[in-house]
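Coordinates in review
Listed here are the chains, written in short residue letters.
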Amino acid sequence: MRELVAVVLLLVPLLASPVGAQGWRGWDQLSPEEQRRAWDNYQRYQQLPQQRQRMIERRYQQFQTMPPQEQQRLRQNYETYRGLDPGARHEFTEKYRRWKSDRH
Amino acid sequence: MRCRQAQRLMTPTVDNELEPRQQHALDQHLTACAACRQELAATRTLLEVVARLPAEMSLPPRLEEVTLHRMRDAARAERSERRPAPWWRSLSLPALTVAAVAVLALAVGLRQFDVVSTRSVDIPGRLAAKSGHQAASQHQVASEAARTRVARQEPRRASEPPKYPPAELASAPDLFMDLPILRHMEKLEHFDAIRTTTVDEAPDPSAGQQERSSG
């Protein structure tokens, strides 16, 4: 039952968003590489605590409601973040902590 | 949705008796599951054939009488052959409740002891024994729960994506493709602001906890 609720929760924003109306792709429509990536990440997701899983589901809903250009901006930022060397990433993390503590 | 759940909804969907939410969930499942699509087609055909049968047929009165007589005989024979009730049925409900609570308390106590002892003495052999014990007990729970638990305990191995993915994955594959972005979403949303932040003091330790809790 809990799984059913989770699936419905995942589907609601999907259908409400422009992506859901036009661009949603089922599993069979993913390329083998995309399937592999999704499967790997699914396994990682399964290892997360439930609280964290719920948080990711909320963020997913939020992400789905973002305009495409905002989604694209986040993707680009992620690519930049991923490309940081360990030192730069550590520095970024320190800045993130500072930024977050300043914010609250 | 899993195939077993989908199969339970097949007759109602053929009869247009599903709620929109159930219908939608079933439709989503069917888009990803060829086996269930075939099953639904077979169910639909069967129900159509049944619907074409005459609703009532006149039976000879003698046949009805004989049939009822045989059913009564069969029920009587089954009652006489039934095995005696198991011993625990003779226990009262309070006694069963007390026993259940005792077993539960024992299980919780053992688990606590196991966790404490594992934390206090980090012996690989103990950990191996623990995971072995857990793996054995996992055979007793439902297959989905076991799969999830095993996934949490065993180191992740690269594996081929399945042909028929789990419902969560089939219903929202893009969630899992974008998982790293979702995990770091706050950082990515404020990426430029964070990069221009100056760090001139030691970071506040409580901020670190916040970061860990929100990703």
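What this report covers is the structure whose coordinates are included nearby.

Reading the values: rules and limits
Residues numbered from 1 in each chain as written. Chains lettered and ligands numbered in written order. Predicted model: local features only at pLDDT ≥ 70, side-chain atom pairs only at ≥ 80, totals over all residues. Heavy atoms only, no water. Helix = DSSP H or I, 4+ residues; strand = E, 2+ residues; numbered from the N terminus. Buried < 20%, exposed > 50% of the residue type's maximum accessible area, 1.4 Å probe, protein only. Contact = heavy atoms within 4.5 Å. Phe/Tyr/Trp six-rings, centres within 6.5 Å; stacked < 30°, edge-to-face > 60°. Lys NZ or Arg CZ within 6 Å of the ring centre and 35° of its normal. Disulfide = S-S within 2.5 Å.

With that settled, the discussion passes to the environment of Ile56(A). Its place among the elements puts Ile56(A) in helix H4 (residues 50-64). For Ile56(A), a relative accessible area of 0% translates into the label buried. Setting aside chain neighbours within four positions, we find Ile56(A) in contact with Tyr45(A), Leu48(A), Leu175(B), Leu179(B), Leu182(B) and Arg183(B).

So, about the packing of aromatic side chains. If you walk through the whole model with that rule in mind, you get 6 aromatic pairs over all chains. Note on Tyr45(A) and Phe176(B): the rings are 5.1 Å apart at their centroids and 80 degrees apart in plane angle, and the pair reads as edge-to-face. Taken as a pair, Tyr45(A) in helix H3 (residues 32-47) and Phe176(B) in helix H10 (residues 173-177) lie in two separate chains rather than in one. Like Phe176(B), Tyr45(A) is buried. Three or more aromatic residues joined by ring pairs make a cluster, and in this case those are Trp39(A), Tyr42(A), Tyr45(A) and Phe176(B). A cation over an aromatic ring shows up here: Arg89(A) above the ring of Tyr81(A), its NZ or CZ 4.6 Å from the ring centre. One cation-aromatic arrangement involves Lys187(B) over Tyr96(A); the distance from NZ or CZ to the ring centre is 5.3 Å.

A word on the state of the cysteines. Residue and element names in this part refer to chain B. Under the definition given, this model contains 0 disulfides over all chains. Unpaired in terms of disulfides, Cys3 finds its nearest cysteine sulfur in Cys33, a separation of 3.7 Å. Cys33 takes part in no disulfide bond, and the closest cysteine sulfur, belonging to Cys36, lies 3.5 Å away. Residue classification places Cys33 among the buried residues on the basis of a relative accessible area of 6%.

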